[in-house]
Amino acid sequence: MTDQKEVKLQEVQKVLDSVFIRHSAFKTIKSQFDECLNSYTGHGEPICMLVHGHSGVGKTTLASSYLADYPPVYLEERKIVPVLNAVIPVPATMKNMASELLEKLGDPYSDRGTLEQRTKRLRKLLKECKTELIILDEFQHFIDRKSERVILDVSDWLKNLISNTSIPVVLVGLSYSREVLFANEQLMRRFSYQAEMKPFSWDDEHSRKEFVKILSVIDRELENVFGNKAGFTNYANRFYAATKGLIALMIKLIRGSAREAVVSASDRIELRHLAKAYKDRLLTNNEMANPFSSNWDGEYADPLPEIRHLGGNMAAARMLEKRSLSNVLSTR
Ligand SMILES: Nc1ncnc2c1ncn2[C@@H]1O[C@H](COP(=O)(O)OP(=O)(O)OP(=O)(O)O)[C@@H](O)[C@H]1O
Ligand SMILES: [Mg+2]
């Protein structure tokens, strides 16, 4: 590849890495995070919540952006960590959980000591670091992958941590992670406040407009690199069919198509580049029509059907499907 193309590819990368969309669901859930954070008083029961949704709706991005709003502050004698954001480890044992949180708080001996010692240190450190909110991502890791069973001792450990510290916790995970709550009544009571982060919907006017707006914003950003707009909004229905409204797939597709355009020395992203990117990067079923092909008949393709988001945990997914929201609320 020529140097000129390399430079252009880097520019594309930079633009797409910095694209950050504060869409309405993003803002709504962020304000719910605020509600949890503000419920911290140091005593009593805090407001906790579960944010769940498909892979690629932007859950981790949201949690990271919240952390960026409340970054750690380094004082001479200690570190203040108002928001502690951690990923639930695999396997999610009580010891691993304690270590993960200790490490995030800067404990140099995070993996030392018995479970009791680590938990005690964690409680002390949470106090010293003045932590007011804990965000735990990948909540589905509380379900053991092999046995497909909920790891009950770790969910009890979490319940106890909340009771003993009064620190609000936001759990983030795939939708089937709600199964953990069905298996632990006490945890369910604490996490009956739930928000689903959904992909954009074509049938909902507001959501559709937002989806199209995002396409136009990204197109404008990329115009700075290519010198021309791609006219993404003209292909909005094709984008929707290709991505089913998932922001992660939208970015992936655009990234791929921009690369195709650079490689073929084109001065704009064209439909053929999107078609190639879809085929190479998103297509999972060869029998499905490519929404960017010229003979696309307007049918909505489904490149990532529901089941692909369930991380292979079919039993949990099936169980979850059988339950209704009223079950969730009845355990309050
Ligand atoms: N608000 C946003 N603005 C711009 N890009 C976003 C946004 N949210 C998500 N993305 C894009 O989607 C990708 C995946 O998002 P993210 O990792 O947050 O999804 P997720 O819901 O946590 O998925 P998983 O359940 O698989 O962990 C990001 O790397 C980014 O490219
Ligand atoms: Mg994630």
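Scroll up to find the structure this text is about.
Residues numbered from 1 in each chain as written. Chains lettered and ligands numbered in written order. Predicted model: local features only at pLDDT ≥ 70, side-chain atom pairs only at ≥ 80, totals over all residues.

A count of helices and strands for the protein chain gives 14 helices and seven strands. In the protein chain, which comprises 332 residues, the share counted as buried stands at 38%. In the protein chain, once contacts between residues fewer than 6 apart in sequence are set aside, the share between residues at least 24 apart is 68%. (Helix = DSSP H or I, 4+ residues; strand = E, 2+ residues; numbered from the N terminus. Buried ≥ 20, exposed ≤ 12 C-beta atoms within 10 Å, placed from the backbone. Contact = placed C-beta atoms within 7 Å.)

A word on the site of ligand 1. Not every one of the 15 residues close to ligand 1 is listed here, only the nearest: Ser55, Gly58, Thr60, Thr61 and Ala248. For the shell around ligand 1, the elements supplying multiple residues, two or more each, are helix H3 (59-69) and helix H11 (247-263). A breakdown of the residues in the shell around ligand 1 according to their chemical character gives nine nonpolar, five polar and one charged. Split by domain, the shell around ligand 1 shows at least three residues from each of two domains, domain 1 (3-20 + 200-301) and domain 2 (24-197). (Near = placed C-beta within 6 Å. Nonpolar A, V, L, I, M, F, W, Y, C, P; charged D, E, K, R; others polar. Domains from an automatic or database assignment.)

Below, the discussion takes up helix H9 (residues 205-226). For H9, which comprises 22 residues, the first-to-last C-alpha distance of 31 Å matches the rise-based estimate of 32 Å (1.5 Å per residue) to within 8%. Three or more residues of H9 are buried, namely Phe211, Ile214, Leu215, Ile218, Asp219, Leu222 and Val225. Turning to H9, the residues buried within the fold contact helix H1 (3-18), helix H10 (236-243) and H11. Looking at the residues trailing H9, positive phi occurs at glycine 227, about 85 degrees. (Expected span 1.5 Å × (residues − 1).)

Okay, unusual backbone geometry next. Proline 91 follows valine 90 through a cis peptide bond whose omega is -5 degrees. Tracing the backbone through its elements, the reader meets proline 91 in the loop between strand E4 (83-87) and helix H4 (94-104). Its identity is not glycine, yet serine 166 carries a phi of approximately 65 degrees, on the positive side. Along the chain, the position of serine 166 falls in the loop between helix H6 (152-165) and strand E6 (169-173). For serine 166, a count of 15 C-beta atoms within 10 Å gives the class partly exposed.

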